[in-house]
Amino acid sequence: MPSARHGNTALAAPPDPITEPRFRWPLSPRPTVSRPFDAPDTDYGPGHRGVDLAAVPGQQVLAAGAGYVVFAGTLAGRGVVSVEHDGGLRTTYEPVRPTVAAGDQVYQGQVIGTVERGHPGCPQAACLHWGVRRGTEYLDPLRLVMTNAAIRLKPWPGSAP
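These lines cover the structure that appears in this document, whether it is placed above or below. (Residues numbered from 1 in each chain as written. Predicted model: local features only at pLDDT ≥ 70, side-chain atom pairs only at ≥ 80, totals over all residues. Heavy atoms only, no water.)

### Things to note about the environment of arginine 78
Now for step 1: Position of arginine 78 relative to the elements: it lies in strand S5 (residues 78-84).
Now for step 2: Dropping the residues within four chain positions of it, arginine 78 is found in contact with Gly73, Glu94, Pro95, Gly118, His119 and Pro120. (Helix = DSSP H or I, 4+ residues; strand = E, 2+ residues; numbered from the N terminus. Contact = heavy atoms within 4.5 Å.)

### Focus on the nonpolar core
Now for step 1: If you look at the biggest cluster of nonpolar residues, it comprises 27 residues, and the most contacted ones within it are Val61, Val81, Tyr93, Ile112 and Trp130.
Now for step 2: Elements that contribute at least two residues to this core include exactly strand S2 (51-55), S5, strand S6 (89-94), strand S9 (111-115), strand S10 (126-134) and helix H1 (142-145).
Now for step 3: No other element matches S10, which puts four residues into this core. (Core = buried A, V, L, I, M, F, W, Y, C linked by side-chain atoms within 4.5 Å. Buried < 20%, exposed > 50% of the residue type's maximum accessible area, 1.4 Å probe, protein only.)

### Thoughts on unusual backbone geometry
Now for step 1: Proline 29 follows serine 28 through a cis peptide bond whose omega is 5°.
Now for step 2: Inspection of the secondary structure assignment puts proline 29 in the segment before strand S1 (33-35).
Now for step 3: Here the residue pair glutamate 94 and proline 95 is connected by a cis peptide bond, since its omega of -10° sits within 30 degrees of zero.
Now for step 4: By secondary structure assignment, the location of proline 95 is in the loop between S6 and strand S7 (96-98).
Now for step 5: A positive phi is found at alanine 76, a non-glycine position, where the angle reads about 55°.
Now for step 6: As for its position among the elements, alanine 76 is in the loop between strand S4 (67-75) and S5.
Now for step 7: Take alanine 76: its relative accessible area is 73%, and that puts it in the exposed class.

Note that all results are geometric; they support no functional claim without further evidence.
In structure tokens, the structure reads:
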């Protein structure tokens, strides 16, 4: 008589639930990452405090999560939008032509501006620089949109234990 470990009734740990990310990509469809995050070693050291996402000029920029616009305007000659989210996170998008204003409440997926040309080092016609920080610490924005999906292999029917 086969034990519970054999056949189609193998006892396996239940799979971890796939947690949907709290944030969404700021461009649609899902963009290619042109330049990844590179955390600086010191507060003012070299690094890349966000990711560059391949885009086309005029492409809509979407709020990655719900929150309040804390800045929408020109900074150092480029259009910038910053959104404050629950949990102390702040996302920043540049270069953009803002369609929102400071103080506006935004929801996830809402258009907050359009991509403009002019991001230094961008190998495409345009790139959206997307950054996130908690307090003064810069974080990798890709961690906001990735799931914790785990792949579990189950025994093949008829295989040995």
